[in-house]
Amino acid sequence: MDGGAFGAGKAGGAFDPQAFLRQPHTLLRLLSWVFSIVVFGSIVNEGYVNRLDESEEHCIFNRNRNACNYGITVGVLAFLSCLLYLALDAYFPQISSVKDRKKAVLSDIGVSAFWAFLWFVGFCFLTNQWQASKEEDNPLNEGGDAARAAITFSFFSIFTWGFLAFLAVRRLRDITFQEEYNTLFPNSPSLLP
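Treat the numbers as computed from the prediction; the structure is a model and nothing was measured.

S.K.: Please explain the overall build of the chain as it appears in this structure.
M.R.: Along its length, the chain carries five helices and two strands. For the chain, the sequential pattern of α-helices and β-strands runs α-α-β-β-α-α-α. Out of the 193 residues in the chain, the part that is buried amounts to 39%. Residue pairs in contact within the chain that sit at least 24 positions apart in sequence constitute 76% of those at least 6 positions apart.

Next comes the structure, spelled out in structure tokens:
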């Protein structure tokens, strides 16, 4: 990425998968992707149990179907969002317009902060419902490890998405600085590598 500008290499350059995978925001996005799989996978797989005298399954989180639905929905949508922004990160060096790059980074900031908030709400909600669960609703303690995994990885997701928002803010700062520099000195070479 020699002579790049606005937070990426020159537009139209060849895609380098090794350089792409070494970027911190790519690694964090992949980590967030895995965390979302763990959360919704553990709830879907072992998040519903029933008592011995019942045939209908109930959510392991205090028999509150909304808790399981929230964890599954946030997990699946975060999974899809990670895929979308991984594709945008791969395409980002091909964007030649400064305004379009700025829009992409601003959307990354908003989406990452939004998901950090949703994971915080999910962590609090699942933890509260897990603490309120009664032992007689699940006498064999089925799915306890899955519930704890969903709670734990919801907690980790708060930080991965929050750090993704932080990295996007840094990228925006670099884009804004480069944009102002180019406005003041239109014939000078780019400062950012």
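There's plenty left to go through after this.
S.K.: Looking at this structure, how should I read the packing of aromatic side chains?
M.R.: Ring pairs (aromatic) are described by centroid distance and by the angle formed between their planes. Evaluation of the coordinates by the stated rule reveals 13 aromatic pairs. Judged by centre distance (5.5 Å) and plane angle (20°), the ring pair of Trp 33 and Phe 79 falls under stacked. Separated by 46 residues along the polypeptide, Trp 33 in helix H2 (residues 24–46) and Phe 79 in helix H3 (residues 65–91) bring together distant segments of the chain. The interplanar angle of 35° and the centroid separation of 6.2 Å between the aromatic rings of Trp 115 and Trp 161 together place this pair among those described as tilted. In this pair, Trp 115 is assigned in helix H4 (residues 98–132) and Trp 161 in helix H5 (residues 144–184), connecting sequence segments 46 residues apart. Trp 161 carries the same exposure label as Trp 115, and that label is buried. A network of ring pairs unites the aromatic residues Phe 35, Phe 123, Phe 153, Phe 155, Phe 156 and Phe 159 as a single cluster. Geometry around Phe 92 places Arg 101 over its ring, the cationic atom sitting 5.2 Å from the centre. Here Arg 171 stacks its cationic end above the ring of Phe 92, 4.4 Å away from the centre of that ring.

S.K.: It is not clear to me how the UniProt feature "transmembrane region" (unreviewed entry) in the chain should be interpreted in this structure. Could you clarify?
M.R.: Residues annotated by UniProt as "transmembrane region" (unreviewed entry) correspond here to residues 30–49, 69–88, 109–130 and 150–169. Strand forms 0% of residues 109–130 and helix 100%; the C-alpha atoms that close the span are 31 Å apart. Note that residues 150–169 is 100% helix and 0% strand, and that its end C-alpha atoms are spaced 28 Å apart.

S.K.: Which parts of the structure should I look at to understand a nonpolar patch on the surface?
M.R.: Together, Val 76, Leu 77, Leu 80 and Leu 83 make up an exposed nonpolar region whose accessible area comes to about 310 Å². With respect to the secondary-structure elements, Val 76 resides in helix H3.

S.K.: Looking at this model, I keep getting lost on H3. Mind explaining?
M.R.: A rise of 1.5 Å per residue sets the reference length of H3, with its 27 residues, at 39 Å; its end C-alpha atoms lie 39 Å apart and thus fit the reference within 8%. Taken as a whole, H3 has its buried residues at Ala 67, Cys 68, Gly 71, Ile 72, Val 74, Gly 75, Ala 78, Ser 81, Cys 82, Tyr 85, Leu 86 and Asp 89.

S.K.: Could you clarify how one ought to interpret the packing of H2 against H3 in this entry?
M.R.: When two helices pack together, their arrangement is captured by the angle between the axes and the distance separating the axes. Running from N to C, H2 and H3 point in directions that differ by 155°, and their axes come no closer than 8 Å. When the axis of H2 is compared with that of H3, the two are roughly antiparallel. Once H2 is placed against H3, the crossing between them reads as left-handed. Across from His 25, Thr 26, Arg 29, Leu 30, Ser 32, Trp 33, Ser 36, Ile 37, Val 39, Phe 40, Ile 43 and Val 44 in H2, the residues of H3 making contact are Cys 68, Gly 71, Ile 72, Gly 75, Val 76, Ala 78, Phe 79, Cys 82, Leu 83, Tyr 85, Leu 86 and Asp 89. Within the contact of H2 with H3, the residues separate by chemical class into 16 nonpolar, six polar and two charged.

Here is what the cut-offs are and how they apply
- Residues numbered from 1 in each chain as written.
- Predicted model: local features only at pLDDT ≥ 70, side-chain atom pairs only at ≥ 80, totals over all residues.
- Heavy atoms only, no water.
- Helix = DSSP H or I, 4+ residues; strand = E, 2+ residues; numbered from the N terminus.
- Buried < 20%, exposed > 50% of the residue type's maximum accessible area, 1.4 Å probe, protein only.
- Contact = heavy atoms within 4.5 Å.
- Phe/Tyr/Trp six-rings, centres within 6.5 Å; stacked < 30°, edge-to-face > 60°.
- Lys NZ or Arg CZ within 6 Å of the ring centre and 35° of its normal.
- UniProt positions renumbered as here; feature names shortened; annotations may be inferred.
- Patch = residues over 30% accessible without salt bridge, like charges linked within 9 Å, V, L, I, M, F, W, Y side chains within 5 Å.
- Areas by Shrake-Rupley, 256 points an atom, 1.4 Å probe, with all protein chains shown as cover.
- Salt bridge = Lys/Arg side-chain N within 4 Å of Asp/Glu carboxyl O.
- Expected span 1.5 Å × (residues − 1).
- Axes fitted to C-alpha atoms, helices over the stretch in contact; angles between N-to-C directions.
- Parallel < 35°, antiparallel > 145°, perpendicular 65-115°, else oblique.
- Left-handed = near helix turned anticlockwise from the far one by under 90°.
- Nonpolar A, V, L, I, M, F, W, Y, C, P; charged D, E, K, R; others polar.

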